[in-house]
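Each chain is listed here by its residues.
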Amino acid sequence: MSSTLNRTLAFLVRWALTLIVAFVILFPLYWIFISSITPKNQLFASPINYWPSAATLENYFYLFNRLDIMTKINNTLLITVFALAISTVLCMAAAYAFSRFNSRGLTIAFSALVFSALIPGIVTARPLYDFMRMVDLVDTFPGLIVLYTSALIPFTMLILYNFIREVPLSIDEAAEVDGANFLQKMIHVTFPLMRPAIATVSIINFITCLNDLFTPLFYARKIEVLSVAITTIPRESSYQLPWDKISTMGWIIVFPIILFVLVFQKNIMEGIMAGGVKQ
Amino acid sequence: MPQAGCSRMACLPVHARGHTVMKAKNKLLLAWLLVVPVLLVRGFTTLYPVAMTFRNSLFDISLLRPGGPRFVGLDNFFRIFSDPKLLVSIEFTTLFTIVSMLFHIVFGIALALLLNVNFRGKRFLRTIVLIPWAMPMVVAGLAARWAFNDEYGLINDLIRRFNSSFHFDWLVYADSARLAVVAVDLWKDVPFFAILVLASLQFIPGELYEAARIDGAKTLRIFWHITLPMITKTVLTISIFFTLWRLTSYDVVYSMTSGGPADYTTLLSYRIMTEAFTNLNLGYASAIAVFLFAVMVVISSLNLFAIKKLD
């Protein structure tokens, strides 16, 4: 008797907590969405109408036609794709070297790489900016790609290294017996085995790139990415936030992310847990 | 990590033992060639600028004043402690970090326990907690700027459903603005903290719980005597990173309050960027950055010390 009671109680507590968590996380997002399609005269009204009587896509047209959001989406994707590709290739090569060779120098280099993730952007920002300006890389795609790539390296390195270490050396040795040299072994034997790790790393890194505000904010001006674009939406008055446009822009950013999370939930969980920490 | 301290046998590649030393050296060279690109990229974007920041902190460099950099020794550092704006920043950064971390740990563990329960809502929960982590802080921050608005904001609207005469402009007053900043920080990052704690919860062997149940232990006792001790080390380790991220938080304040009202929510990193890029006091900005960096090192060391003590 008491065990059924206990079970009912546990059931209720679980679902009550789940509902609370879901409400806290999802309701603000729903509010952003609903704000983006609410006509202006209903949006700036109190109390909030959570089920507006009319819907409009006016804000979306404004953003795509007048503020040219498409260019900003393209900028974001271009930088992200290059940074992902370059950091993965560079880190695969390095991870291979770290895992197959022992030397004190390499050990130090590896630790330095991983721990450099803890150096905050604010400590490096101004000198790095001056350096980038000196070599004419501020506000250029190559410059931004280098910075994004650099930011991805520690996490990518850690995950790929941990994975590559699990690839048994006997596979390498078998290839060596077959006459494969160092590079052939690396490219044809070890790398194809790394696909799952590369997938996980890319998914997490993609999110990291989208989330980065600091880098594009300080190292670019004309090249706008999505995270910066939402902060530069023109204001009609200095007192009021253009919430109609900002909520729309916010939803344009958040909606694909929600879909992405739905599709890759498992990989993301694995990636986060494998890396211990992002950045 | 590659093993350190190999013998004077010139650190042979793992699987090349027995080959000639000459060949081993060539291979080691090749290994370094593969590593050098990553080192160069990281070196130029972290090592070099950090060194420059340390150097600049000893100079008076103002781009608004004619004349070049002037060596001033530790003057910039002394200035930190007599600058009222900076003291407010230090105060808020400390409060923000401590309060936010306390709630991260409490809510993070609680949420992790919920995520670890086997029931039908598990997959749904594990999916939605990823959303705040995956979205940019600017979006959350800007939405919060509007959500905490007195007249049209989400927060007051929800409160008014219960108390229709409630009116309060959160971001106008220092204390409530600070509270709001912490709340948004928690909304965005507690789920992430919870996922990392969840990873360690999954390592606790099920037999431990079964044994405790058979002995008749109650849920709360099991939590205190089995679960908590098993995850303490992980929680402390995660806390190092989360503390460092709190200390260097920038996006939340940039998008949500711009440091206001007055300077009451100006986190140190926001102050540093204002000095470096708006006021163009490069020397002073560097000194604050070095100061913050030192604090980060001290806190991490203390935390590492606590973790070592646990073993």
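Calculation criteria
Residues numbered from 1 in each chain as written. Chains lettered and ligands numbered in written order. Predicted model: local features only at pLDDT ≥ 70, side-chain atom pairs only at ≥ 80, totals over all residues. Heavy atoms only, no water. Helix = DSSP H or I, 4+ residues; strand = E, 2+ residues; numbered from the N terminus. Rg over C-alpha atoms; globule rule 2.2 N^0.38 Å. Buried < 20%, exposed > 50% of the residue type's maximum accessible area, 1.4 Å probe, protein only. Contact = heavy atoms within 4.5 Å. Lys, Arg positive; Asp, Glu negative; His and termini not counted. Charge placed at Lys NZ, Arg CZ, Asp CG, Glu CD. Disulfide = S-S within 2.5 Å. Axes fitted to C-alpha atoms, helices over the stretch in contact; angles between N-to-C directions. Parallel < 35°, antiparallel > 145°, perpendicular 65-115°, else oblique. Left-handed = near helix turned anticlockwise from the far one by under 90°. Nonpolar A, V, L, I, M, F, W, Y, C, P; charged D, E, K, R; others polar. pLDDT = per-residue confidence, 0-100. Domains from an automatic or database assignment. Buried area = accessible area lost by both parts, 1.4 Å probe. Salt bridge = Lys/Arg side-chain N within 4 Å of Asp/Glu carboxyl O. Core = buried A, V, L, I, M, F, W, Y, C linked by side-chain atoms within 4.5 Å. Polar contact = N/O pair within 3.5 Å; in protein donor to acceptor, adjacent residues only side chain to side chain.

Digging into the overall build of chain A
Assigned secondary structure in chain A consists of 13 helices and 0 strands. Radius of gyration (C-alpha) of chain A: 24 Å, far over the 19 Å computed for a compact globule of 279 residues. Counting only C-alpha atoms and orienting by the principal axes, one finds that chain A spans roughly 75 × 75 × 35 Å. Out of the 279 residues in chain A, the part that is buried amounts to 54%. Put simply, 73% of the contacts in chain A that link residues at least 6 apart link residues at least 24 apart. Side chains of chain A give 18 positive and 15 negative charges; the mean places of these two sets differ by 7 Å.

Thoughts on the overall build of chain B
For chain B, the count of helices and strands is 13 helices and 2 strands. Expected size for 311 residues packed as a compact globule is a radius of gyration near 19 Å; at 25 Å, chain B overshoots this value by more than 25%. Taken over the C-alpha atoms alone, chain B extends approximately 85 × 80 × 30 Å along its principal axes. When burial is assessed residue by residue, chain B has 52% of its 311 residues classed as buried. For chain B, contacts bridging at least 24 residues in sequence account for 65% of all contacts bridging at least 6.

Here's the deal with the state of the cysteines
This structure, assessed with the given rule, holds 0 disulfides over all chains. Among the cysteines around Cys 209 of chain A, which has no disulfide bond, Cys 91 of chain A carries the closest sulfur, lying 12 Å off.

Let's talk about the side chain of Thr 200 of chain A
Residues and elements named next belong to chain A. Along the chain, Thr 200 falls in helix H10 (residues 195-211). The buried category is assigned to Thr 200, whose relative accessible area is 13%. When near neighbours in sequence (up to four residues on either side) are disregarded, Thr 200 contacts Asn 267 and Gly 271.

With respect to the packing of helix H7 (residues 141-164) of chain A against H10 of chain A
Residues and elements named next belong to chain A. Where H7 meets H10, the closest approach of the two axes is 10 Å, and the angle between their N-to-C directions is 155°. Regarding the angle of H7 to H10, the classification is roughly antiparallel. For the element pair H7 and H10, the recorded crossing hand is right-handed. Taken together, the residues of H10 that come into contact with H7 (itself represented by Tyr 148, Leu 152, Phe 155, Thr 156, Ile 159, Leu 160 and Phe 163) are Pro 196, Ala 197, Ile 198, Val 201, Ile 204, Asn 205, Thr 208 and Cys 209. Here the contact of H7 with H10 is composed, by residue class, of 12 nonpolar, 3 polar and no charged.

Side note on the confidence of the model for chain A
Summary statistics for chain A give a mean pLDDT of 90 and a share of 97% for residues scoring 70 or more. No element of chain A has a lower mean pLDDT than helix H8 (residues 169-177) of chain A, at 79, and none a higher one than helix H11 (residues 214-219) of chain A, at 95.

Description of the domain arrangement of chain B
For chain B, the assigned domains read domain 1 (14-56) and domain 2 (75-310). Averaged C-alpha coordinates put domain 1 of chain B and domain 2 of chain B at centres separated by 36 Å.

Observations regarding unusual backbone geometry
Cis geometry is found at the peptide bond from Ser 46 of chain A to Pro 47 of chain A, where omega equals 0°. Inspection of the secondary structure assignment puts Pro 47 of chain A in the loop between helix H2 (40-43) and helix H3 (58-66). The linkage connecting Gly 260 of chain B with the following residue, Pro 261 of chain B, adopts the cis geometry, with an omega of 0°. Located in the positive-phi region is Asp 68 of chain A, a residue other than glycine, with phi close to 55°.

Examining the domain arrangement of chain A
Residue and element names in this part refer to chain A. Along its sequence, chain A is carved into domain 1 (1-56) and domain 2 (62-275). Put simply, the middle of domain 1 and the middle of domain 2, counted by C-alpha atoms, are 33 Å apart. In this assembly, 9 residues from domain 1 lie in contact with 12 residues from domain 2. The contact between domain 1 and domain 2 buries some 880 Å² in all, and 73% of this surface belongs to carbon and sulfur atoms. Summed over the shared surface of domain 1 and domain 2, the result is 1 salt bridge. The partner of Asp 244 in a salt bridge is Lys 40, with the nearest N and O atoms 3.7 Å apart. Elements with a contribution of two residues or more to the side of domain 1 that touches domain 2: helix H1 (2-37) and H2. No other element matches the 6 residues that H1 contributes to the side of domain 1 that touches domain 2. Residue composition of the side of domain 1 that touches domain 2, by class: 6 nonpolar, 2 polar and 1 charged.

Details of the nonpolar core
Counting 187 residues, the largest nonpolar core has Trp 31 and Phe 98 of chain A as its most contacted members. No other element matches the 16 residues that helix H8 (residues 174-201) of chain B contributes to this core. The contact partners of Trp 31 of chain A, leaving out residues within four places of it in the chain, are Ile 48, Tyr 50 and Trp 243 of chain A together with Ala 143, Trp 146, Ala 147, Tyr 152 and Leu 154 of chain B.

Some thoughts on the side chain of Lys 72 of chain A
Within the secondary structure, Lys 72 of chain A sits in helix H4 (residues 69-100). Among the polar contacts listed, one links the side chain of Lys 72 of chain A to the side chain of Glu 224 of chain A, at a separation of 3.3 Å.

Quick word on the interface of chain A and chain B
The interface of chain A with chain B comprises 101 residues on the first partner and 97 residues on the second. Buried surface at the junction of chain A and chain B, both sides included, amounts to about 9,200 Å², of which 78% is carbon and sulfur. Of all residues in chain A, Asn 102, Ile 122 and Arg 126 of chain A give up the largest surface area on contact with chain B, accounting jointly for 8% of the area buried on that side. Counting across the interface, chain A meets chain B through 0 salt bridges. Taken together, the links from chain A to chain B amount to 11 residue pairs in polar contact (both at pLDDT 80 or more). The element that contributes the greatest number of residues to the side of chain A that touches chain B is H1 of chain A, accounting for 15 residues. When grouped by side-chain class, the residues that make up the side of chain A that touches chain B number 72 nonpolar, 18 polar and 11 charged.

Quick word on the environment of Leu 114 of chain B
Within the fold, Leu 114 of chain B resides in helix H3 (residues 84-116). According to the relative accessible area criterion, Leu 114 of chain B is buried, its value standing at 7%. Distance from Leu 114 of chain B to Leu 198 of chain B, taken between C-alpha atoms, is 9.2 Å for residues 84 residues apart in sequence. Not counting residues within four places of it along the chain, the set of residues in contact with Leu 114 of chain B comprises Arg 14, Leu 17, Thr 18 and Val 21 of chain A together with Phe 119 and Leu 125 of chain B.

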